[in-house]
Structure formats: structure tokens, C-alpha cells
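# Observations on the model geometry
So the chains spell out like this:
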Amino acid sequence: MTFIILKLTSFPFFITFESKLNGMILVIGSGGQVGQELVSKLRQKHGNDAVISSDISPLKDEDGPSIQLDALDKAAIEDSISRYKIKTVYHLAALLSANAEKQIHFAWKLNMESLFNVLELGKEGRIDQIFWPSSIAVFGPTTPKTNTPQDTVTDPTTVYGISKLAGERWCEYYANNFNVDVRSIRYPGLIGYKSMPGGGTTDYAVDIFHKALSDGKYICFLKADTKLPMMYMEDAIRATIEIMEAPKDSIRIRSSYNLAGISFSPEEIATIIQRQLPQFEIEYAPDFRQKIAESWPQSINDNAAQKDWNWQLEYNLDKMCKDMLWHLK
Ligand code: SER
């Protein structure tokens, strides 16, 4: 049974934003790294009461309506959709790469069944638009490592990657066969100062900033020269909102769009942090995540996103590091 708490702070706003947006927005998995920042950006745009945050754990959401919702509970999602007149769903709930390797069957169940719950609502015409994130994890060891094209070998070796690749295929299937307006981005590793990642392989690139400031030292779980594609959260949230706002016809790819971001290794980011914190030291103690990282590309080609919905990156490595350190300090 799903327990639902809704705080509707100001009913008149509910009406105003509902009519402007043609329905409310639901963010599933709002407690995660992307969810927290996405909810706050969507609320800045559409008003606090137009965006309902939701998570399996109760959220301390003081700014707007919030419900406790299990992404696997189809009936509870359906109930929330009708009850709160939801027309747009951002479905973010998933187990990330490292955690998924520890619970392979549950990861598959969560990542796949929750997606079906939302895609079915699109098929039934009960919601107008869906955002679902994919990942660089759809690529694998025989994918071209650099400037990885949009359409190329996808041979993921992680449960997370397998679930994201299958999810991409299903998104495209529902778009082609049932006209579901589902849009997706293959997120690189995401780096932000407001929220912490959980259970991913790219998490080191967030942890390193926190440890640099608190301890002056970081022990990295990847090798020094492991280059991966990453992106600053500001850019990732903007990309998410921009792809959703783009005209429907411009979204030619209904599986998921490559996004390049910025590519760097632990030793490269450590050197940049040392420019601002000269005492900072890094050591390397690679664990099981090294193998995952080595199966992924080092850099991505996102020409399709640039061409179809005018995607442009704003934060390079320097600008991101300065901003991270400034905010965390
Ligand atoms: N950041 C994710 C992870 O490391 C990849 O999309 O699992």
C-alpha cells in the first residue's frame, strides 16, 4: 500500500498553473541527485504548486506539494495522475550502475517495470509527455571509446546499462507504435553541489570536491587516468528542460540522445582542484567500479542533440570546478 501525503499550499495557484501548463508535473524519484535540482528548477519556471515531488521515502519538501510514491506501484501512480491532474511525468527513479551490480534482479525490476508503468499511462492517453533518463552506460567494451557516435555498438556489461538500453528500445517502441511523446537523454556522469549522487561509478567526481574541502585528501576508487564523460548539473537540468520544451517534431530520436558534456580523468580534475587548494592530495585505490568505468566511452559525440533541439553546453571543466568549489566553500 502506498501512503500519499499531499500538501497543497495555495489552491488558487494550483488552478492558475494547471491551466497555463495544461496539467501538473510529477517528478518520480525526486529525492535523488537529479530530482532535487530538477524539481527546484521546474518550480522556478512554473510555480511551486505546479510541480509535485515524489519519492519512495518521505521527502522534506518545504517548497511545494509532495507525495510518497513507489515507482513500482502502478495503481498508486495512476491514482496520483488522476487525482492531481498530472500531464507531464519526469521519471527518474532507478538504481545506478554500482548499486545495481549488488542487486541485479531488483535493479532490473525497478528500472524496467517502473518505466512500463509510466509508458502505459502515455499509451492510454492519460499523460501528454514523459521524460526518462538513459545513460552513457548503454555503451560497452566494443563501442568506439572516443567521440562515441549517436548510433553505434551498444553492448553494455552492467545490469544498469542493460536496463537503460532495453528502456531506450521500449521508449522508441511506445513512441512509434502508440504515439507516446517520450523524450530521453543519455546522461554522462553528473556533478552538482546541491545534491549527492548515490551508487554510481561517476560519483567520485562529486565526492572529490567534498573531501578536498573537508579533509584535503581524497582516495579515489578509479585509476588516475580513467577518463569518463561528465556534465555539470546546471547543464544537465537545462538539457532536460530544453528537450522537453522543444517542438514535438524536432525530437527525431525517440530512444535517447547522446550528450557530450566534459571528459576528464581523476588526475586531471585533481590538478584543477589543486590550483585552488594547493594542499589537496589524491590517492588511488581502484575497486570493482574500475571495470565498469573501463567499459564506458571516454568522450561522446552529441551532434544530433545540437542539430535537433539546439543543445549547447555552457560549463567546461574550469568553469565547473570554480563554481563547485565556490558553492561548497
Ligand atoms: N552516473 C551513472 C553511474 O555512474 C552513469 O549514468 O552509474
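The structure we're discussing is the one just above.
I will try to describe carefully the structure that is included in this document. (Residues numbered from 1 in each chain as written. Predicted model: local features only at pLDDT ≥ 70, side-chain atom pairs only at ≥ 80, totals over all residues. Heavy atoms only, no water.)

### Comments concerning the state of the cysteines
Under the convention used in this document: Only a pair of cysteine sulfur atoms within 2.5 Å qualifies as a disulfide here. A 1.4 Å probe rolled over the protein chains alone gives each residue an accessible area, and that area as a share of the maximum for its type sets the label: buried under 20%, exposed over 50%, partly exposed in between.
Considering all chains together, one arrives at zero disulfides under this definition. No disulfide involves Cys321; its sulfur sits 14 Å from that of Cys220, the nearest cysteine. With relative accessibility at 1%, the residue Cys321 sits in the buried group.

### Side note on the layout of surface pockets
Picture a little ball the size of a water molecule; that probe, rolled over the atoms, points out where space is still empty. Operational definition: Lining residues are defined by having an atom within 4 Å of a point belonging to a cavity or pocket. Those points lie on a 1 Å grid over the protein atoms alone, cavities being sets where a 1.4 Å probe fits but cannot get out and pockets being open sets with protein on both sides within 12 Å along at least five of seven lines. Grid points are joined across faces, edges and corners, and a volume is the space filled by probe spheres set on the points. For the purposes of this entry, the term helix denotes a DSSP run of H or I that reaches at least four residues, the term strand denotes a run of E that reaches at least two, and both are numbered from the N terminus. Classification convention: Asp, Glu, Lys, Arg as charged; Ala, Val, Leu, Ile, Met, Phe, Trp, Tyr, Cys, Pro as nonpolar; all other residues, Gly among them, as polar.
A volume near 810 Å³ is recorded for the largest pocket. Surrounding the largest pocket, 40 residues form its lining, Gly32, Gln33, Leu92, Ala94 and Leu96 being those nearest its centre. Where the lining of the largest pocket is concerned, the elements lending two or more residues are helix H2 (33–46), helix H4 (97–102), helix H5 (104–123), strand E6 (134–135), helix H6 (159–178) and strand E9 (189–191). It is H2 that contributes the most residues to the lining of the largest pocket, three residues altogether. In this structure, the second largest pocket is lined by 16 residues; those nearest its centre are Gln36, Val39, Arg43, Asp61 and Asp63. Take the lining of the second largest pocket: its biggest share by element is six residues, from H2. Of the residues contributing to the lining of the second largest pocket, the split by class is three nonpolar, eight polar and five charged.

### Structural notes on the nonpolar core
Selection rule: By nonpolar core we mean a set of buried residues, namely Ala, Val, Leu, Ile, Met, Phe, Trp, Tyr and Cys, connected to one another through side-chain atoms within 4.5 Å. For this analysis, residues touch if any pair of their heavy atoms sits within 4.5 Å.
Counting residues in hydrophobic clusters, the biggest one holds 45 residues, and the most contacted among them are Tyr204, Phe209, Phe264, Ile269 and Met320. With six residues, helix H7 (residues 204–214) is the largest single contributor of residues to this core. For Phe209, the contacting residues outside a window of four places in its chain are Ile191, Ile269, Ile273, Met320, Cys321, Met324, Leu325 and Leu328.

### Quick word on the packing of helix H3 (residues 74–83) against H5
For the record, the criterion: Helix axes use the C-alpha atoms of the stretch in contact, all axes being lines fitted to C-alpha atoms, and the angles between their N-to-C directions lie in the range 0 to 180 degrees. Here the word oblique covers every angle except those under 35 degrees (roughly parallel), over 145 (roughly antiparallel) and from 65 to 115 (roughly perpendicular). A clockwise turn of the near helix away from the far one marks a right-handed crossing, whereas an anticlockwise turn of less than a right angle marks a left-handed crossing.
Viewed as axis vectors pointing N to C, H3 and H5 meet at an angle of 40 degrees, and their least axial separation amounts to 10 Å. Judged by the angle between their axes, H3 and H5 are oblique. Read as a crossing pair, H3 and H5 show a hand that is right-handed. Side by side, H3 and H5 meet where Lys74, Ile77, Glu78 and Ile81 of the first sit next to Asn117, Glu120 and Leu121 of the second. Residue classes in the contact of H3 with H5 are distributed as three nonpolar, one polar and three charged.

### Thoughts on the pattern of salt bridges
For clarity, the threshold we go by: Salt bridge, as applied in this entry: a Lys or Arg side-chain nitrogen positioned within 4 Å of an Asp or Glu carboxyl oxygen.
Enumeration according to the criterion identifies 20 salt bridges in this entry. Arg169 is the partner of Glu172 in a salt bridge, and the nearest nitrogen-oxygen pair spans 3.1 Å. A residue pair is termed a helical-turn pair when its members lie 3 or 4 positions apart in one helix, as Glu172 and Arg169 do in helix H6 at three residues. For Glu172, a relative accessible area of 25% corresponds to the partly exposed category. For Arg169, a relative accessible area of 42% gives the class partly exposed. One connected set of salt bridges, linked through shared partners, spans Asp235, Arg238, Glu242 and Glu314.

### As for the sheet that holds strand E13 (residues 262–264)
Threshold: For two strands to be treated as a pair, DSSP must find no fewer than two bridges joining them.
Sheet architecture is open: three strands sit in the order E9-E11-E13, paired in mixed fashion. The open sheet has two free edges, formed respectively by E9 and E13, since each of these has just one partner strand. Going from strand to strand, the sheet's axes swing by 40 degrees on average, the running direction of each strand aside. With three bridges connecting them, strand E11 (residues 228–232) and E13 associate as antiparallel partners. What sits directly across from Pro229, in E13, is Ser263. Along the sheet, helix H8 (residues 233–245) makes contact with E9 and E11, crossing E11 at roughly 80 degrees.

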